[in-house]
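Letter by letter, the chains look like this.
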Amino acid sequence: MKRGRLFILSGPSGVGKGTVRARLFERVSGLVYSISCTTRKPRKGEVDGVQYRFLDEGTFESYVKENLFLEWARVHGHFYGTLLADVESELCRGNNIVLEIDVQGALQVKEKMPDSVMVFLMPPSLEELEKRLVSRGTEENETMKTRLQNASAEVALSGCYDYAVVNDEVDRAADELAGIFQKEISKSKGSADE
Ligand code: 5GP
């Protein structure tokens, strides 16, 4: 069976990754979302094993020592990581998997799996990003400051990505993203026939 493709979706906090991803999944069938591990506390409404696997720092560190992560990073003061076994089992089954991870993690994955496709979701401007983060209302003042400070550094690294999509309007951005995914998926189907 042909291995699935691995897609990475990154972008600064508040850019709308979750919303655009949901619309992307409506447009492209058969995508699997990779559920990350994190040491940050669940937000209201988040359920363990759905949005994230919520771990304490000790457990996260033991996973790092046992080399269980494909990638991991400290982001906005907490640890986040993708379990290698989860990704491998989907790819081996021929499924296309989507990792919604930060820039540091994305670069680790690209080094280990060079044929992964990296897409960066850009805000129309940093001012607009701040407005979205404020109106989302999920962060305390301090964490919001950290997230905004990190945003410009993340945007500066977007040049390392294969594609950049501006989230100026959710459906337009989702259409553009879907086009990229379809193209990359059909490319790998093509190479299977060669
Ligand atoms: P949030 O706390 O808002 O859910 O996520 C904060 C940041 O952590 C986002 O940029 C998100 O993409 C990133 N992130 C989520 N899961 C992972 C992961 O498994 N690895 C890495 N490196 N970053 C992650």
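Conventions used here
Residues numbered from 1 in each chain as written. Predicted model: local features only at pLDDT ≥ 70, side-chain atom pairs only at ≥ 80, totals over all residues. Heavy atoms only, no water. Buried < 20%, exposed > 50% of the residue type's maximum accessible area, 1.4 Å probe, protein only. Helix = DSSP H or I, 4+ residues; strand = E, 2+ residues; numbered from the N terminus. Pairing = 2+ DSSP bridges. Axes fitted to C-alpha atoms, helices over the stretch in contact; angles between N-to-C directions. Salt bridge = Lys/Arg side-chain N within 4 Å of Asp/Glu carboxyl O. Contact = heavy atoms within 4.5 Å.

Participant: I'd like to hear about the pairing of strand E8 (residues 117-122), residue by residue, with values.
Facilitator: By the criterion of burial, E8 is predominantly enclosed, with six of the six residues buried. Taking every second residue as pointing to the same face, both faces of E8 are buried, with Val-117, Val-119 and Leu-121 on one and Met-118, Phe-120 and Met-122 on the other. With four bridges connecting them, E8 and strand E9 (residues 163-166) associate as parallel partners. Its bridge partner being in E9, Val-119 is matched across the sheet by Tyr-163.

Participant: Residues and numbers for the sheet that holds strand E5 (residues 69-75), please.
Facilitator: Strands sit in the order E4-E3-E6-E5 across an open sheet of four strands; the sheet is mixed. The outermost strands of the open sheet, each flanked by one partner alone, are strand E4 (52-54) and E5. Between one strand axis and the next, the sheet turns through 25° on average, direction left out of account.

Participant: Now, about unusual backbone geometry: what can you tell me, with residues and values included?
Facilitator: Its identity is not glycine, yet Asn-67 carries a phi of approximately 60°, on the positive side. Assignment of secondary structure puts Asn-67 in the loop between helix H2 (57-65) and E5. You will see that His-76, though not glycine, has its phi angle at about 45°, which is positive. Along the chain, His-76 falls in the loop between E5 and strand E6 (78-83). Owing to a relative accessible area of 15%, His-76 belongs among the buried residues under this scheme.

Participant: I'd like to hear about the pattern of salt bridges, residue by residue, with values.
Facilitator: Should the charged atoms of two oppositely charged side chains come close, the side chains can pair. Enumeration over the complete set of coordinates arrives at 17 salt bridges. Residues Glu-46 and Arg-40 are paired through a salt bridge, measuring 2.8 Å at the closest nitrogen-oxygen approach. The salt bridge partner of Arg-53 is Asp-86, with a shortest N-O separation of 2.9 Å. Here Arg-53 is found in strand E4, whereas its partner Asp-86 is found in helix H3 (residues 84-92), with 33 residues between them in sequence. On the basis of relative accessible area, Arg-53 is assigned to the partly exposed category, the value being 29%. Assessed through its relative accessible area of 25%, Asp-86 is described here as partly exposed. In the salt-bridge network here, residues are joined through shared partners; they are Arg-23, Arg-27, Asp-171 and Asp-175.

Participant: How would you summarise the environment of Val-28 if you had to cite specific residues and measurements?
Facilitator: Residue position: Val-28 is located in the loop between helix H1 (17-27) and strand E2 (31-33). For Val-28, a relative accessible area of 3% corresponds to the buried category. Along the backbone, Val-28 and Glu-176 are 148 residues apart, and their C-alpha atoms lie at a distance of 12 Å. Those residues in contact with Val-28, other than ones at most four positions away along the chain, are Ala-178, Phe-181, Gln-182 and Ile-185.

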